[in-house]
Number of protein chains: 2
Amino acid sequence: MSFGPYRPALHQRIRSGGVGDTSSRRQGRKKDEDDGLRVFFFCTLWLFLSQIISSITLSDLLPAKNGEEPTIQFLLELVDILTNYVKKTFDRSTKVLDFHHPHQLLEGMEGFNLELSDQPESLEQILVDCRDTLKYGVRTGHPRFFNQLSTGLDIIGLAGEWLTSTANTNMFTYEIAPVFVLMEQLTLKKMREMIGWPNGEGDGLFSPGGAISNMYSVMIARYKYFPEVKTKGMSAAPRLVLFTSEHSHYSIKKAGAALGFGTENVILLSTDERGRVIPADLEAKIIDAKQKGCVPLFVNATGGSTVYGAFDPINEIADICEKYNLWLHVDRGAEDLGLRGEEQNIHVIEFLPLQCSAILVRDKGILAGCNSMCAGYLFQPDKQYDVTYDTGDKAIQCGRHVDIFKFWLMWKAKGTIGFEQHIDKCLDLSQYLYNKIKNREGYEMVFNGEPQHTNVCFWYLPQSLRGMPDGDERREKLHRVAPKIKAMMMESGTTMVGYQPQGNKVNFFRMVISNPAATQSDIDFLIDEIERLGHDL
Amino acid sequence: MSFGPYRPALHQRIRSGGVGDTSSRRQGRKKDEDDGLRVFFFCTLWLFLSQIISSITLSDLLPAKNGEEPTIQFLLELVDILTNYVKKTFDRSTKVLDFHHPHQLLEGMEGFNLELSDQPESLEQILVDCRDTLKYGVRTGHPRFFNQLSTGLDIIGLAGEWLTSTANTNMFTYEIAPVFVLMEQLTLKKMREMIGWPNGEGDGLFSPGGAISNMYSVMIARYKYFPEVKTKGMSAAPRLVLFTSEHSHYSIKKAGAALGFGTENVILLSTDERGRVIPADLEAKIIDAKQKGCVPLFVNATGGSTVYGAFDPINEIADICEKYNLWLHVDRGAEDLGLRGEEQNIHVIEFLPLQCSAILVRDKGILAGCNSMCAGYLFQPDKQYDVTYDTGDKAIQCGRHVDIFKFWLMWKAKGTIGFEQHIDKCLDLSQYLYNKIKNREGYEMVFNGEPQHTNVCFWYLPQSLRGMPDGDERREKLHRVAPKIKAMMMESGTTMVGYQPQGNKVNFFRMVISNPAATQSDIDFLIDEIERLGHDL
């Protein structure tokens, strides 16, 4: 075999924190009678792997003749790295990240070289690369990672993803993804039932993220009212306008730009102090748009807005949409799945492993009507099975990653009640944080009142700003506080939480709790850390 | 713990084909001195796992206190299922698929129930579900799977995907994906260098599939010439037209519909007998469009078309684009990466695990210009690091899956030369197939001449059609041959290959070779199988 340049380092690095590191595993034992067998097993595994791996090369792996064993050995070695990473991610004594600037990582860290070359590396080096990739990354599953977007590492979801990549197929036809296509159909139906659509009737699709689901919703609305745009383009329609909250996700504007509406035709709706759309403002802006000769097409309402976690008043908005014959889309997270919904379509951002988002539509044929191109090479009508299960032509993608399996598997393993419990726990933690800081010295809430969702938005005031009169100087100073604390958090690697300005409000912290590993002690830790780092700013 | 309804079946099913099944592994041994240790290891692992797994419940897994061991045990049990699947996938005595109709799978197969419920299932049942999901799926990595789209299971790519899902992060900011963001930057630069752009200058992004990359290309072209469309919509531009081959991928038309151009403004270009765009036809259609008052905007040229594998004459098309000031996009697979390219942007569909596609652009700021919305909650300008590495605002997605790592890891493990060897091998196999059937009784080639790419398109004529004079009857009968053979293939589970009509040509087989596991013997097998199943039709 050819040895990579870092061979001597490898064994040392694989061993530190490798499967031989049984000390912390020992604490996890629940049944004493298993002890001997376990230690024996791990020692055997470690001895076995460390002996074998240095003798395998790429050309030994499948599809090579007799490649089964080397392949399994290589994958087991990788799994050892991954399971160690998982184990440490949940250990609060592990750092959330080991921060380095881009130029530092680009220059190369102790043999971790990102550059690609003509010649192959050894498999030993590949395993070191895997370990280093994780080492210099961010542990989004850490109990103290509260940053956007994905937080938490669900073990069942992870198992689902490992299987998905092993199956490595494509959602476009039943032909090559029979089980996954059916899982998608059944899961979408179940979701439609839960939001209260009669018999779960309707249609839907999983898409690569909430932004794309929102884009679908605008496309569908346009197709519903102006189907000729599909063939003739936007010039076949009058000037169409879309409405969305000034607090809504930026993907609605992005969709407006991409789909040919133009961002100026995405009208932002005013909100109340809590970030909820004011229905009267929607109606006024609809009337105004009509007076200007525009045609109001679509309203996006948000069920749990990005920053404030606000719930727009869906029923009142739905009434206005009905009155003016507008399409109503609801952009919301899965957290409130099942709580309500008489609206026309919905997308769901999950607390699952990335990526997982679904667009649900009441009108059964509209996704296909809007997007199908009937490509002969893929969607042959003369197959031996029921080709209505070839759902790929509904999508704007051709190849479509299997996003459903992890979600289906998590639903199987937890049941609907498990999802509910998870959401309740996150809401409880948000309430705990809110109660902890609402009257605490040095804190100001961005808006008053209990959190509607898992978002808690607040300013932390260093000692030097407390009692300073409101005004430009205080605003400017306060604006710089959250970025400074965040930078120090990242450099110390202890925790991560998002911040941003919003409208005329200067930078504030936004806590969003969806990590199943987080507990009250982690909330306490975050607050202590903000105070430790920010007190003397 | 709570036992699922299938507990008795589990142990039996886990054991059959489980880690205890060492017989076929034994054949794989290369070093006799390792034998004793290996058998010992696998027996230990099996004994260990089968004892442990029935005592773990969901609530034992991380983030539970002392959840490390149960979590690792659960994941190892899953990995055992996955590695067995991998091993069997490469074994030619395994079926490519075990075909069932949708209604059969929906009714439930021997305890494999797709329905979701309120109550959780046991972890034992979850593992059975995982096994069954694979059992009733299609082995796209099988050496005899030649169907579209993804074929082959690359072990390094698989390892990359397992790590990606374990890291579970998002490409939108350097903040939470420092290593992956840099890997993407470096890989895109390397790709630009290889296609010959000076110093690898330019920009790019990985997207969820080639169709989305093609959509990006149309958006970028529009932004380049009519940037005001971003804010004002398509009404700010004249009637724009796009040009693409009648043989091009359907995603160009789909993008035309989605982005507000309209499919009627996607002008299809005529091709020669080999499926290559005729440059004179492009020029004539540009002139015609201008005469009709339209503004020609964009030409899509294809480097390896979907069905024929045709290479459009890029240089001549580029000359015409320059003459009329049109944007030139080249839609092509990675197979010819590095062989040529003076064109403006390119997307790449890989032979890697799904999903992996990149859009490359010469103009450095244009992706950001076209798509950025500067969402304050995500792309804060006041971070402590160089925020030009926060690339998320260039994308139409918000959350963006990490698609780069598997590609980067495969490139590391194989080197550029490894990719080249893979491509050469696929081309050789296509040539082998072509030579085998071009003069063989019962075969007709869809077009004459050596394959330009890995595509080989052909009709198989059953005995009853040979010698029948050309005409409607023969055409109708021939049209039904490929679907019939394909259906029988799927039902016998022996192999899979795509078919379709194209233009006025009735259904033919289209062989595309990208599976690294395929050999000449698999090509022979496919041909034998077509003849076995189709001879007497």
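Values in this document were obtained by computation on a predicted structure and should not be read as measured data.

### Some points on the overall build of chain A
Moving on, step 1. Check the secondary structure of chain A and you find 17 helices and 12 strands.
Moving on, step 2. Evaluated residue by residue, chain A yields a buried proportion of 67% over its 537 residues.
Moving on, step 3. Look at the contacts in chain A between residues 6 or more apart in sequence, and 70% of them connect residues 24 or more apart.
Moving on, step 4. Here chain A has roughly 17700 Å² of accessible surface; of this, 50% comes from carbon and sulfur atoms.

### With respect to the nonpolar core
As a rule of thumb, nonpolar side chains are buried together in soluble globular proteins.
Moving on, step 1. The biggest cluster of nonpolar side chains holds 239 residues, and the ones touching the most others in it are Phe458 of chain A together with Phe458 of chain B.
Moving on, step 2. Residues contacting Phe458 of chain A, with those up to four places away along its chain left out, are Leu433, Ile437, Tyr443, Glu444, Met445, Val446, Phe508, Phe509, Met511, Ile527 and Ile530 of chain A.
Moving on, step 3. Counting residues in hydrophobic clusters, the runner-up holds 60 residues, among them Ala221 and Val229 of chain A together with Phe298 and Ile396 of chain B.

### A word on the relation of the copies chain A and chain B
Moving on, step 1. The transform that puts chain A on chain B rotates by 180° and translates by 0.0 Å along the axis, for an RMSD of 0.0 Å. On this basis, the relationship between the two copies can be described by a two-fold rotation axis. Scanning chain A for the C-alpha nearest the rotation axis identifies Leu259 of chain A, at a separation of 2.0 Å.
Moving on, step 2. Most of the interface of chain A is mirrored in chain B, where 100% of its interface residues are also at the interface.

### So, the sheet that holds strand β1 (residues 145-146) of chain A
Residues and elements named next belong to chain A.
Moving on, step 1. Reading across from one edge, β1-β11-β12-β10-β9 is the order of the 5 strands in this open sheet, with mixed pairing throughout. One side of each edge strand has no neighbouring strand; the edge strands of this open sheet are β1 and β9 (443-445).
Moving on, step 2. Relative to strand β11 (residues 496-502), β1 runs parallel, the two being bridged by 2 bridges. Among the inter-strand pairings, Phe145 is bridged to a residue of β11, identified as Met496.
Moving on, step 3. Helix α15 (residues 404-437) contacts β9, β10 (455-460) and β12 (505-512) of the sheet and is inclined by roughly 25° relative to β10.

### Quick look at the packing of helix α4 (residues 68-89) of chain A against helix α6 (residues 123-135) of chain A
All names here are of chain A.
Moving on, step 1. Here α4 crosses α6 at 15°, and the two axes come no closer than 10 Å. Classified by the angle between their axes, α4 and α6 sit roughly parallel to one another. Considering the relative orientation of α4 and α6, their crossing is right-handed. Contact residues: α4 offers Phe74, Glu77, Leu78, Ile81, Leu82 and Tyr85, while α6 offers Leu123, Ile126, Leu127, Cys130, Arg131 and Leu134.
Moving on, step 2. For the contact of α4 with α6, the residue count by class is 10 nonpolar, no polar and 2 charged.

### Some details on the interface of chain A and chain B
Moving on, step 1. Taken together, the 174 residues of chain A in the interface contact 174 residues of chain B.
Moving on, step 2. Taken together, both faces of the contact between chain A and chain B bury some 15900 Å²; the carbon and sulfur share is 67%.
Moving on, step 3. Of all residues in chain A, Leu116, Tyr377 and Lys412 of chain A bury the most surface against chain B, accounting for 5% of the area lost on that side.
Moving on, step 4. Counting every contact that joins chain A to chain B gives 8 salt bridges.
Moving on, step 5. Among the salt bridges present, the one from Asp393 of chain B reaches Lys254 of chain A, with a minimum N-O distance of 3.0 Å.
Moving on, step 6. Summed over the shared surface of chain A and chain B, the number is 66 residue pairs in polar contact (both at pLDDT 80 or more).
Moving on, step 7. A total of 15 residues in the side of chain A that touches chain B trace back to one element, the largest contributor, which is α4 of chain A.
Moving on, step 8. Of the residues belonging to the side of chain A that touches chain B, the class tally is 92 nonpolar, 49 polar and 33 charged.

### Brief notes about the pairing of strand β3 (residues 240-245) of chain B
All names here are of chain B.
Moving on, step 1. In terms of residue burial, β3 counts as a mostly covered element, since 6 of its 6 residues are buried.
Moving on, step 2. Across the two faces of β3 the burial is the same, with Leu240, Leu242 and Thr244 and Val241, Phe243 and Ser245 all buried.
Moving on, step 3. Both β3 and strand β4 (residues 266-269) contribute to a ladder of 4 bridges, which runs parallel. Its bridge partner lying in β4, Leu242 is registered against Val266.
Moving on, step 4. Note that the unit made of β3, helix α11 (residues 251-258) and β4 has a crossover that is right-handed.

### A few points about unusual backbone geometry
Moving on, step 1. Of note, the bond from Leu62 of chain A into Pro63 of chain A is cis; its omega dihedral lies within 30 degrees of zero at 15°.
Moving on, step 2. In this structure, Pro63 of chain A sits in the loop between α3 (35-52) and α4.
Moving on, step 3. Non-glycine residue Asn66 of chain A carries a positive phi angle of around 55°.
Moving on, step 4. Summarising the element assignment, Asn66 of chain A is placed in the loop between α3 and α4.
Moving on, step 5. On the basis of relative accessible area, Asn66 of chain A is assigned to the partly exposed category, the value being 26%.
Moving on, step 6. Look at Glu110 of chain B: it is not a glycine, yet its phi comes out positive at around 40°.
Moving on, step 7. Its place among the elements puts Glu110 of chain B in the loop between α5 (102-107) and α6 (123-135).

### Points about the pattern of salt bridges
All names here are of chain B.
Moving on, step 1. Tallied over the entire structure, the rule returns 51 salt bridges over all chains.
Moving on, step 2. The closest approach of N and O atoms between Asp281 and Lys285, which form a salt bridge, is 2.9 Å. You can see Asp281 and its partner Lys285 sitting in helix α12 (residues 279-291), 4 residues apart, about one turn around the helix.
Moving on, step 3. With relative accessibility at 16%, the residue Asp281 sits in the buried group.
Moving on, step 4. Taking the relative accessible area as the measure of exposure, Lys285 reaches 22% and is therefore partly exposed.

### With respect to the environment of Pro462 of chain A
Residue and element names in this part refer to chain A.
Moving on, step 1. Positionally, Pro462 belongs in the loop between β10 and α16 (472-492).
Moving on, step 2. Taking the C-alpha atoms as reference, Pro462 lies 9.4 Å from Leu533; in sequence the two are 71 residues apart.
Moving on, step 3. The contact partners of Pro462, leaving out residues within four places of it in the chain, are Val481, Gly534, His535 and Leu537.

### Points about a negative patch on the surface
Moving on, step 1. Together, Asp118 of chain A together with Glu420, Asp424 and Asp428 of chain B make up a negatively charged patch on the protein surface.
Moving on, step 2. The residue Asp424 of chain B is located in helix α15 (residues 404-437) in this model.
Moving on, step 3. Accessibility expressed as a relative area gives 44% for Asp424 of chain B, which makes it partly exposed.

### What about helix α4 (residues 68-89) of chain B?
Moving on, step 1. Here α4 of chain B is 22 residues long and its end C-alpha atoms lie 31 Å apart, about the 32 Å a rise of 1.5 Å per residue gives.
Moving on, step 2. Burial within α4 of chain B is extensive, with 21 of its 22 residues counted as buried.

### What about the sheet that holds strand β9 (residues 443-445) of chain B?
Residue and element names in this part refer to chain B.
Moving on, step 1. The mixed open sheet is built from 5 strands, whose spatial order is β1-β11-β12-β10-β9. Pairing within the sheet leaves two strands with one partner each, and these edge strands are β1 (145-146) and β9.
Moving on, step 2. Two elements, β9 and strand β10 (residues 455-460), share 3 bridges in a ladder whose sense is antiparallel. Opposite Tyr443, over in β10, you have Tyr460 as the bridge partner.
Moving on, step 3. Strands β9, β10, β11 (496-502) and β12 (505-512) of the sheet are contacted by helix α16 (residues 472-492), whose axis makes an angle of about 155° with β11.
Moving on, step 4. In this fold helix α17 (residues 520-534) packs onto β1, β9, β10, β11 and β12, with an angle of close to 20° to the strand it touches most, β10.

### Quick notes on the packing of helix α12 (residues 279-291) of chain A against helix α13 (residues 314-324) of chain A
Residues and elements named next belong to chain A.
Moving on, step 1. Between α12 and α13, whose axes approach to 9 Å, the crossing angle comes to 20°. Regarding the angle of α12 to α13, the classification is roughly parallel. Of the two possible hands of crossing, α12 and α13 adopt the one that is right-handed. Contacts between α12 and α13 involve Pro279, Leu282, Glu283, Ile286, Ile287 and Lys290 from the first element and Glu316, Ile317, Ile320, Lys323 and Tyr324 from the second.
Moving on, step 2. Looking at the contact of α12 with α13 residue by residue, the classes come out as 7 nonpolar, no polar and 4 charged.

### Topic: the packing of aromatic side chains
Moving on, step 1. Under the criterion given, the structure shown has 37 aromatic pairs over all chains.
Moving on, step 2. Between the aromatic rings of Tyr250 of chain A and Phe379 of chain B, the centroid separation amounts to 6.2 Å while the plane-to-plane angle is 80°, which identifies the pairing as edge-to-face. With Tyr250 of chain A in the loop between β3 (240-245) and α11 (251-258) and Phe379 of chain B in the loop between α14 (366-371) and α15, this pair bridges two chains. Like Tyr250 of chain A, the residue Phe379 of chain B is buried in the burial classification.
Moving on, step 3. Ring plane angle 25° and centroid distance 5.9 Å describe the contact between Phe405 of chain A and Trp408 of chain A, whose orientation is recorded as stacked. With Phe405 of chain A and Trp408 of chain A both in helix α15 and 3 residues apart, this pair spans about one turn of that helix. Just as Phe405 of chain A is buried, Trp408 of chain A falls in that class too.
Moving on, step 4. Positioned above the aromatic ring of Phe525 of chain B, the side-chain terminus of Arg144 of chain B is 3.8 Å from the ring centre.

Parameters and conventions
- Residues numbered from 1 in each chain as written.
- Chains lettered and ligands numbered in written order.
- Predicted model: local features only at pLDDT ≥ 70, side-chain atom pairs only at ≥ 80, totals over all residues.
- Heavy atoms only, no water.
- Helix = DSSP H or I, 4+ residues; strand = E, 2+ residues; numbered from the N terminus.
- Buried < 20%, exposed > 50% of the residue type's maximum accessible area, 1.4 Å probe, protein only.
- Contact = heavy atoms within 4.5 Å.
- Areas by Shrake-Rupley, 256 points an atom, 1.4 Å probe, with all protein chains shown as cover.
- Core = buried A, V, L, I, M, F, W, Y, C linked by side-chain atoms within 4.5 Å.
- Least-squares fit on C-alpha atoms with pLDDT ≥ 70 in both.
- Pairing = 2+ DSSP bridges.
- Axes fitted to C-alpha atoms, helices over the stretch in contact; angles between N-to-C directions.
- Parallel < 35°, antiparallel > 145°, perpendicular 65-115°, else oblique.
- Left-handed = near helix turned anticlockwise from the far one by under 90°.
- Nonpolar A, V, L, I, M, F, W, Y, C, P; charged D, E, K, R; others polar.
- Buried area = accessible area lost by both parts, 1.4 Å probe.
- Salt bridge = Lys/Arg side-chain N within 4 Å of Asp/Glu carboxyl O.
- Polar contact = N/O pair within 3.5 Å; in protein donor to acceptor, adjacent residues only side chain to side chain.
- Right-handed = clockwise from strand over helix to strand, strands pointing away.
- Patch = residues over 30% accessible without salt bridge, like charges linked within 9 Å, V, L, I, M, F, W, Y side chains within 5 Å.
- Lys, Arg positive; Asp, Glu negative; His and termini not counted.
- Charge placed at Lys NZ, Arg CZ, Asp CG, Glu CD.
- Expected span 1.5 Å × (residues − 1).
- Phe/Tyr/Trp six-rings, centres within 6.5 Å; stacked < 30°, edge-to-face > 60°.
- Lys NZ or Arg CZ within 6 Å of the ring centre and 35° of its normal.

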